[in-house]
Amino acid sequence: MRQPELGKRLTELRQQKSLTQEELVEACNVSVRTIQRIESGEVTPRTSTIKILLTALNEDFENFKNSVEVNKSEDYLRSTETWLQVAWICGIAYFVLGFLDAILEYERFENLYEVESVPFYITVKIFYFIFYALFIYGFVKLGDYFLNYLLKITAFMLIGLFSIWTFFDIFTIYYSMSDENLISLGAGESICYGALTIVFGIGLMRLQDGMGQLAKIAGLLEIVAGSFFAIVILFFLGYLMLVPATIIEIILLYKGFEFIKSERLKG
């Protein structure tokens, strides 16, 4: 259920019962600040919170759910559907290309940061970034649809960080750096990426009301992976954790695509 329609309908229902926000607090033990934010449309509550409020208001959850207008315009749904389809397809391409990227980075490390074929290396890096950006942009669209602004903003930030990461990899082909500087920059990069990944994982977990347990599992994997990256010396374990996380996220985007498609067809 989406805001602001959800908040408006809860407000109408509370007023129909002749209850103040403070009286509703006493009946359901949810803080008055939380109720104020829900009714004003500032936040989208969990399904469990909605059920607690509805129980206090003697309202059936399914009836209430059906009474809330959640439909978006045809153009919005079609655009979101298209972007999600592009995202899960690019997610597969990003996942597959990731193995080639890992091989190239390993060979570069073994050759003391020398690249055997510069044009090939740069081409792989550029396509790898493009596929990643389109893949992650799918979560921007999911965050927008479900009003999950934490997920939406963090996804944008991950795309930005990955672009810097890609530029750095290409830049160091032409401009050599000392081992100390490379290690320092690599550690800072790992910490920043780890922190963003943890927040991204939290955002994914907040999708579970709309997208089910798969979102929670993906979120947990991202949080664990982010923790490994943040520790720096365990960054390799972070990469390993991203393998199952990415697979689940591709499935999640496909489910999101199917969900939006069904919503559009119902409308």
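Keep in mind that what you see is a predicted model, and the values were worked out from it rather than measured. (Residues numbered from 1 in each chain as written. Predicted model: local features only at pLDDT ≥ 70, side-chain atom pairs only at ≥ 80, totals over all residues. Heavy atoms only, no water.)

Caption draft 1: Up close: the nonpolar core. The biggest cluster of nonpolar side chains holds 49 residues, and the ones touching the most others in it are Ile136, Phe139, Tyr193, Phe200, Leu204, Leu207 and Leu253. Looking at this core, the elements with two or more residues in it are helix H6 (74–110), helix H7 (118–145), helix H8 (149–174), helix H9 (179–205), helix H11 (213–231) and helix H12 (235–266). The residues contacting Phe139, other than those within four sequence positions of it, are Leu151, Ala155, Phe200, Leu204, Glu249, Leu252 and Leu253. Counting 15 residues, the second-largest nonpolar core is a separate cluster that includes Leu24, Ile38, Ile50 and Phe64. (Core = buried A, V, L, I, M, F, W, Y, C linked by side-chain atoms within 4.5 Å. Buried < 20%, exposed > 50% of the residue type's maximum accessible area, 1.4 Å probe, protein only. Helix = DSSP H or I, 4+ residues; strand = E, 2+ residues; numbered from the N terminus. Contact = heavy atoms within 4.5 Å.)

Caption draft 2: Looking closely at unusual backbone geometry. Backbone geometry at Asn29 places phi at a positive 65°, although glycine is not the residue there. Here Asn29 shows up in the loop between helix H2 (21–28) and helix H3 (32–39). Overall, Asn29 belongs to the exposed group, its relative accessible area being 72%. The phi angle at Val232 is positive, at roughly 70°, despite the residue not being glycine. Position of Val232 relative to the elements: it lies in the loop between H11 and H12. On the accessibility criterion, Val232 (24% relative accessible area) is partly exposed.

Caption draft 3: Up close: the packing of aromatic side chains. If you walk through the whole model with that rule in mind, you get 25 aromatic pairs. Relative to Tyr137, the ring of Trp83 lies with its centre 4.8 Å away and its plane at 65°, an arrangement referred to as edge-to-face. In this pair, Trp83 is assigned in helix H6 and Tyr137 in helix H7, connecting sequence segments 54 residues apart. Ring geometry for Phe235 versus Tyr239: centroids 6.1 Å apart, planes at 80°, classification edge-to-face. With a gap of four residues between them, Phe235 and Tyr239 both fall in helix H12, about one helical turn apart. Residue classification places Tyr239 among the partly exposed residues on the basis of a relative accessible area of 40%. (Phe/Tyr/Trp six-rings, centres within 6.5 Å; stacked < 30°, edge-to-face > 60°.)

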